Amino acid sequence: MSAAAPACVLRSACELGEGPVWRAADKAVWFVDIKGLRIHRYEAETGAAFSWQAPAQPGFIAPVEGGGWIAGLKTGLHRFDPASGRFELMATVEDASLGNRLNDGFVDARGRLWFGSMHDGETDLTGALYRLDDRGLRRMDDGYCITNGPAVSPDGRTLYHTDTLKRVLYAFDLAPDGGLSNKRVFAQIEEGAGYPDGPAVDAEGCVWTGLFAGWGARRYSPKGEQIGFVRLPVANVTKIAFGGPDLKTVYATTAWKGLSPAEREAQPLAGGLFRFDLDTPGLPQHDVRHA
């Protein structure tokens, strides 16, 4: 693996940037600032940037077949229309008494939306993994404090999901009907190396994870062996997305959440959107088919 040095392409100053999505039709990267209550769009060719105010903390956005987006907010799943800036509630996922919010999502090749919930105070094991498809919304796994992901292997047979506070990336067998089985540890991040955040899978089936407090993104083989690392000039790297015409341009979201004033001064680009190039492409972004 070879990678060019990461460069900051947008000083978005996100408190908690997350969930980058490459939208080929727009030639743009979409991402959220969870704590800043913003949805951002960065146009790769022109450098133009736009943003929208969200009515609650946005954990992820996902494109919908036929147009528009689904936004996973603290208050539930919403339809988001960039043209008007409007958010329309689709479904309340969990009871507000849990103190949870939605966090990170993924669309598989069959158009199913996968996403997680997490405890907003980052203390209780109230988070869960969900699937939305033509059969409705279903809870697939639980017992998490902070969920991240998921992501799916190129052959569609393995789903990866992250328990951030335990520093564990799990793998599941994924059935054609969306069923999950055989949950197992795929990779364990060693103490002191940061916390695994959002995962992504490349065309060779290797799993990438952003490292919060880990100064970069790691690459793991399909067997769970670390085989690569790209260092960024900021500590909190949350997630990557593959973009560009050949899906070899990588965009990484970052955050300044949790940094001290001195650390923020030392990391002036924290919260920005970064870009670097790889020689291995990623997988295409899919649209939600059942919204």
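Residues numbered from 1 in each chain as written. Predicted model: local features only at pLDDT ≥ 70, side-chain atom pairs only at ≥ 80, totals over all residues. Heavy atoms only, no water.

## So, the sheet that holds strand E9 (residues 86-91)
- Pairing is antiparallel across the open sheet formed by four strands, whose spatial order is E6-E7-E8-E9. Looking at strand neighbours, the two that pair on one side only are strand E6 (58-63) and E9, the edges of this open sheet. Taken pair by pair, the neighbouring strands of this sheet meet at an average axis angle of 30°, ignoring direction. (Pairing = 2+ DSSP bridges. Helix = DSSP H or I, 4+ residues; strand = E, 2+ residues; numbered from the N terminus. Axes fitted to C-alpha atoms, helices over the stretch in contact; angles between N-to-C directions.)

## Focus: the packing of aromatic side chains
- Counted under the stated rule, the structure contains ten aromatic pairs.
- Look at Trp30 and Trp69: their rings are 4.6 Å apart centre to centre, the planes differ by 40°, and that puts the pair in the tilted class. Taken as a pair, Trp30 in strand E3 (residues 28-33) and Trp69 in strand E7 (residues 69-73) lie far apart in primary sequence, 39 residues in all. Pair check on accessibility: Trp30 and Trp69 agree, each one buried.
- Among the aromatic residues, those joined into a ring-pair cluster are Trp30, Trp52, Trp69, Phe80 and Phe87.
- In this structure, Arg23 is placed above the aromatic ring of Trp69, and the distance from its NZ or CZ to the ring centre is 5.9 Å.
- One cation-aromatic arrangement involves Lys183 over Tyr170; the distance from NZ or CZ to the ring centre is 4.4 Å. (Phe/Tyr/Trp six-rings, centres within 6.5 Å; stacked < 30°, edge-to-face > 60°. Buried < 20%, exposed > 50% of the residue type's maximum accessible area, 1.4 Å probe, protein only. Lys NZ or Arg CZ within 6 Å of the ring centre and 35° of its normal.)

## Details of the pattern of salt bridges
- Enumeration according to the criterion identifies 18 salt bridges in this entry.
- The partner of Lys183 in a salt bridge is Asp141, and the shortest N-O contact between them spans 2.9 Å. Of this pair, Lys183 sits in strand E17 (residues 180-188) while Asp141 sits in strand E13 (residues 136-144); the two residues are 42 residues apart in sequence, bridging distant segments of the chain.
- When its relative accessible area of 15% is taken as the criterion, Asp141 is described as buried.
- Linking Asp202 and Arg219 is a salt bridge whose minimum nitrogen-to-oxygen distance equals 2.9 Å. With Asp202 in the loop between strand E18 (195-201) and strand E19 (207-212) and Arg219 in strand E20 (residues 216-220), this pair connects stretches of sequence that are 17 residues apart.
- By relative accessible area, Asp202 is classed as buried at 0%.
- The class for Arg219 is buried, based on a relative accessible area of 5%.
- Overlapping salt bridges, with partners in common, bring together Lys35, Lys74, Arg101 and Asp120 in one network. (Salt bridge = Lys/Arg side-chain N within 4 Å of Asp/Glu carboxyl O.)

Don't take any of this as a statement about function, it's just geometry.
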